[in-house]
Amino acid sequence: MKPAPFEYYAPKTVEEALQNLTDLGYSGKVLAGGQSLIPAMNFRMARPSALVDLNTVAELAYIRPTADGGIAIGTMTRDSVVEYDPIVKQRMPIVAETIGYIAHAQIRARGTFGGAIAHADPAAQLPALSLALNAKLLVKRKGGERWVTAEEFIVGPFMTVLEPEDLLVEVVLPPLAPRTAGSYKQVSRQRGGYAQAATISMVGLDDRDRVKDVRCVLFSVGETPILSKYAAKVLVGNEPTEAAIADVAAYVAKNECDPGSDLHGTAEYRRQLVQVLVRRSLTEAVLRAKK
Amino acid sequence: MTQLVKINVTVNGVSYEREVEPRLLLSDFIRHDLKLTGTHVGCEHGLCGACTILFDGESVRSCIMFAVMADRHTIETVESLGTPDHLHPLQEAFMEKHALQCGFCTPGFLMTLVDYLGDNKNPTDEEIREAIDGNFCRCTGYENIVEAVRLAAKKMAAHS
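Position numbers for residues start from 1 in each chain and track the written sequence from start to end. To label them, take the chains in the order written and letter them from A, then take the ligands in the order written and number them from 1. Two thresholds apply to this predicted model, a pLDDT of at least 70 for residue-level local features and 80 or more for giving and counting side-chain atom pairs, whereas whole-chain, interface and lining totals are computed over all residues. Processing note: side-chain calculations cover all non-hydrogen atoms of the structure and skip hydrogens and water entirely.

Engineer: Give a detailed account of the overall build of chain B, specifying residues and quantitative values.
Structural biologist: Only DSSP runs of H or I covering at least 4 residues are called helices, and only runs of E covering at least 2 are called strands; the numbering of each starts at the N terminus. Check the secondary structure of chain B and you find 5 helices and 5 strands. N-terminal to C-terminal, the α/β element order of chain B is β-β-α-β-β-β-α-α-α-α. Computed over C-alpha atoms, the radius of gyration of chain B comes to 16 Å, within 12% of the 15 Å expected from 2.2 N^0.38 for 160 residues, which places it in the range of a compact globule. In terms of overall dimensions, chain B has a C-alpha envelope of 55 × 30 × 25 Å along the principal axes. Only protein chains enter the accessibility calculation, which uses a 1.4 Å probe; a residue is then buried when its area is under 20% of its type maximum, exposed when over 50%, and partly exposed in between. When burial is assessed residue by residue, chain B has 54% of its 160 residues classed as buried. By the convention used here, residues are in contact when the closest approach between their heavy atoms is within 4.5 Å. Long-range pairs, those at least 24 residues apart, make up 56% of the contacts in chain B with a sequence separation of at least 6. Per-residue accessibility takes into account occlusion by the displayed protein chains alone, with areas from the Shrake-Rupley method and a 1.4 Å probe. Only carbon and sulfur atoms are counted for the fraction: they give 50% of the accessible area of chain B, which is about 7400 Å². Only four residue types enter the tally: Lys and Arg on the positive side, Asp and Glu on the negative side; His and the chain ends are excluded. To locate a charge, the coordinates of NZ of Lys, CZ of Arg, CG of Asp or CD of Glu are taken. For chain B, the separation between the mean place of its 14 positive charges and that of its 23 negative charges on side chains is 3 Å. Our radius of gyration is a C-alpha quantity, and the globule rule it is checked against amounts to 2.2 Å times the number of residues to the power 0.38.

Engineer: I'd like to hear about the overall build of chain A, residue by residue, with values.
Structural biologist: Counting its regular elements, chain A contains 12 helices and 14 strands. For 291 residues, the compact-globule estimate of 2.2 N^0.38 gives 19 Å, and chain A sits close to it at 19 Å. For chain A, the spread of C-alpha atoms along the principal axes amounts to about 60 × 50 × 30 Å. Burial analysis of chain A (291 residues in total) assigns 54% to the buried set. For chain A, long-range pairs separated by at least 24 residues make up 62% of all intrachain contacts whose partners lie at least 6 apart in sequence. For chain A, the exposed area adds up to about 12800 Å²; of that, 52% sits on carbon and sulfur atoms. Both charge centroids of chain A, one from 34 positive and one from 32 negative side chains, sit 5 Å from each other.

Engineer: Give me the lowdown on the interface of chain A and chain B, citing residues and values where you can.
Structural biologist: With 31 residues of chain A at the interface, the matching set in chain B holds 29 residues. Accessible surface is computed with a 1.4 Å probe, and the buried area is the amount of it that two parts give up when combined, taken over both parts together. Taking both partners together, chain A and chain B bury about 2500 Å²; carbon and sulfur atoms supply 60% of that area. Interface area lost by chain A to chain B is led by A:M1, A:Y8 and A:Q106, which between them contribute 27%. A side-chain nitrogen of Lys or Arg and a carboxyl oxygen of Asp or Glu constitute a salt bridge if their distance falls within 4 Å. Viewed at the interface, chain B and chain A are joined by 4 salt bridges. Under the rule applied, a polar contact is a pair of N or O atoms within 3.5 Å (in protein, one hydrogen donor and one hydrogen acceptor; residues adjacent in sequence only if both atoms are side-chain atoms). Applying the counting criterion to the chain A and chain B interface returns 12 residue pairs in polar contact (both at pLDDT 80 or more). Residue assignment for the side of chain A that touches chain B shows that the elements contributing at least two residues are β1 (7–9), α2 (37–42), β3 (50–53) and α6 (105–108) of chain A. When residues of the side of chain A that touches chain B are assigned to their parent elements, the largest contribution, 4 residues, is made by α2(A).

See the structure below:
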């Protein structure tokens, strides 16, 4: 058989899952949708000695619109369920737009919203989206819980603040302010493949079309998704003119990302992609926010 | 001592009860335990799409699921589509349009498309290409597959 042997736990409730994780400590690993973990196990690049399978925990799969206009998503909600949810589409169209770029339909049918964030792949869409939307993450462990912002959550490539006994149980996407819209842009060699560079921009405008809030996130060009500090510094309070956006794009590409070189493109080429993509996504987000 | 887990899976309308090791992949369970060898395994890490099956009616990759995850779920494999005498309209279209050469990838394409065409009755060529973007074919160059899907959509509309 391809994967190395492991002990298997199939809890029915969150409480049972937390107990399993506490008992197992460093030898336990959570199995969510499995679309990244199982391929790694097939190659024996990952050899967890015990898996706690959340697929049997029905209470972790839900989409709950919150009273303030946000959306709470249970960690085991499948990507495709979020992608086609009418309330998600209405409240935050950027979510469905982003999910459409995750691998292929067969993967989105199994992959989970929370699983992808907890996996913290620097080239993955959902960790970047959670950062762009300023998501709040509910982390539970036996006898306790805490809220963590998306910014605090990811600490390195495939590394998060989660301890072995912790479980990410819910992702809350806070409501978007009026006149706020987003735009996703990426370049990849084929549809569904990893992006060579990608950006998600969220722009909020005031009633005189000046930028009230901007969150421009780059990913697949560094060790974690990157929230541009410069974009917020220079755009907030000002009109998002073509020149201002071009300045942000140039600065971000030069100073705020750290792409590597590989077979398919040099670091220099990928910086250039960042510049183009940041410009396009900010421009489109502004246009959409004005509508 | 090897842990064994009892699972109950319905495959192509037949209910199976089996004991499996947790690390057994669903694709290998289907092929080796159930002897349903129509489901092919290519890359075995979720890239090529050859192992696509329907899991509770949705197309998924069986090589990146464990058999234990199918407990109390329903699966359809390519064997559920048609017989040599009574091909599914999608299979007929693949035959008529020469949408396969070696045929290795075909079960995966068929299971992807039977799900897709169920929800999308009249796709454009661009939508067809998007629908098959998770399946590799190394023989045809995809042109005849796209043609076959177009024909299949017409055939399926006529059947319904």
